[in-house]
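Here are the chains, one letter per residue:
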Amino acid sequence: MLIDTRDLLSDKENMTEDNQHDAREIEVEIGFGNGDYLIRRASECPEKMFIGIEKKTSLVTKVSKKAESLNLSNIRILQSCAEEAFSDHFSTASISRVYALFPDPWPKKKHIKNRLFSSPYLRLLNNRLLLGSEAMIVTDSEAYHRWILKQTPDTGFDVQNDTIPPQFDTKFERKWVEQEFKSFFRIILRKIEHIDT
Ligand SMILES: C[S@@+](CC[C@H](N)C(=O)[O-])C[C@H]1O[C@@H](n2cnc3c(N)ncnc32)[C@H](O)[C@@H]1O
């Protein structure tokens, strides 16, 4: 189930071709961790293709094995940084939904440069999404949530933000629930204008 770049590129060609017939079929999870949500979504929607991006080798191996043991043929795992993954492995307007659950918030000032959802990255995400489709980010960190909202001007997205109760049952959600978190910050970015990169 673990695929290398060549496999992904050949899949990408297929996906791009498929997209010409049905543009709603590809979902991407960024930083899937131990894969709870990715595996669940892929099990629930066998008609869609799921691509999980994760940079940690141990998690990639673990989730690949899990997907294989469940015979889930609609999951592709890409071991990569999300920046490179979107820049190198996806075509323009090829993805129907993107989500990131509890992305690393990098709370220290000197580490803010490591935060993923910067304005340039949001413009890249916009380019890879189909018009009208959405990216969803859910975080426990109010500071990260506020910072992401500041990145959104001129990224081609309509922005909604709210708080939601726990509902994803991922490792990090469970961790925060154990620490008495009752709600999380959700940002939904709906592509309303195409950005060229
Ligand atoms: C805080 S954990 C959340 C994991 C999972 N989504 C959950 O809710 O339990 C963040 C995950 O994102 C991965 N990650 C962090 N930065 C990344 C990046 N730039 N590209 C891909 N994965 C990344 C980390 O390895 C980690 O597994």
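Quick note: structure is the one above.
Here's what I pulled together on the structure shown here. (Residues numbered from 1 in each chain as written. Predicted model: local features only at pLDDT ≥ 70, side-chain atom pairs only at ≥ 80, totals over all residues. Heavy atoms only, no water.)

Turning to the environment of Ser94, a few remarks are in order. Mapped onto the elements of the fold, Ser94 is located in the loop between helix H4 (82-89) and strand S4 (95-101). Note: C-alpha distance between Ser94 and Asn127 (33 residues apart in sequence) is 8.8 Å. Within the structure, the side chain of Ser94 is placed 2.7 Å from the backbone oxygen of Ser91, a separation counted as a polar contact. (Helix = DSSP H or I, 4+ residues; strand = E, 2+ residues; numbered from the N terminus. Polar contact = N/O pair within 3.5 Å; in protein donor to acceptor, adjacent residues only side chain to side chain.)

Here the focus is the site of the ligand. Taken together, 17 residues lie around the ligand, and Gly31, Glu54, Ala82, Leu101 and Thr170 are the ones closest in. Backbone polar atom of Lys55 to a nitrogen atom of the ligand: 3.4 Å apart, as the coordinates give it. In the environment of the ligand, a nitrogen atom lies 2.8 Å from a nitrogen or oxygen atom belonging to the backbone of Leu101. Protein coverage of the free-state accessible area of the ligand, which is 590 Å², stands at 92%. Among the secondary structure elements, those contributing two or more residues to the shell around the ligand are H4 and helix H7 (171-178). (Near = heavy atom within 4 Å. Areas by Shrake-Rupley, 256 points an atom, 1.4 Å probe, with all protein chains shown as cover.)

Mapped onto the secondary structure, Glu25 falls in the loop between helix H1 (5-21) and strand S1 (26-30). Take Glu25: its relative accessible area is 19%, and that puts it in the buried class. Setting aside its immediate chain neighbours within four residues, Glu25 contacts Glu47, Lys48, Met49 and Ser96. (Buried < 20%, exposed > 50% of the residue type's maximum accessible area, 1.4 Å probe, protein only. Contact = heavy atoms within 4.5 Å.)

Spatially, seven strands are ordered S3-S2-S1-S4-S5-S7-S6 in an open sheet, and the strand pairing comes out mixed. At either end of the open sheet lies a strand with only one pairing partner, and these are strand S3 (75-79) and strand S6 (157-164). On average, each strand axis in the sheet is tilted by 15 degrees relative to the strand beside it, whichever way the strands run. Note that strand S5 (residues 129-139) and strand S7 (residues 184-191) share six bridges and pair antiparallel. Directly across from Met136, in S7, lies its bridge partner Ile188. (Pairing = 2+ DSSP bridges. Axes fitted to C-alpha atoms, helices over the stretch in contact; angles between N-to-C directions.)

Further remarks concern the pattern of salt bridges. Across all of its chains, the model carries eight salt bridges by this definition. Between Glu27 and Arg97 there is a salt bridge, with its nearest N and O atoms 3.4 Å apart. Of this pair, Glu27 sits in strand S1 while Arg97 sits in strand S4, placing them 70 residues apart in sequence. Arg174 is paired through a salt bridge with Asp169; the nearest N and O atoms lie 3.1 Å apart. Relative accessible area serves as the criterion here: at 32%, Arg174 is assigned to the partly exposed category. On the basis of relative accessibility, which here comes to 41%, the residue Asp169 falls in the partly exposed class. If you follow the salt bridges from partner to partner, you end up with Glu27, Arg41, Glu44, Lys48 and Arg97 in one network. (Salt bridge = Lys/Arg side-chain N within 4 Å of Asp/Glu carboxyl O.)

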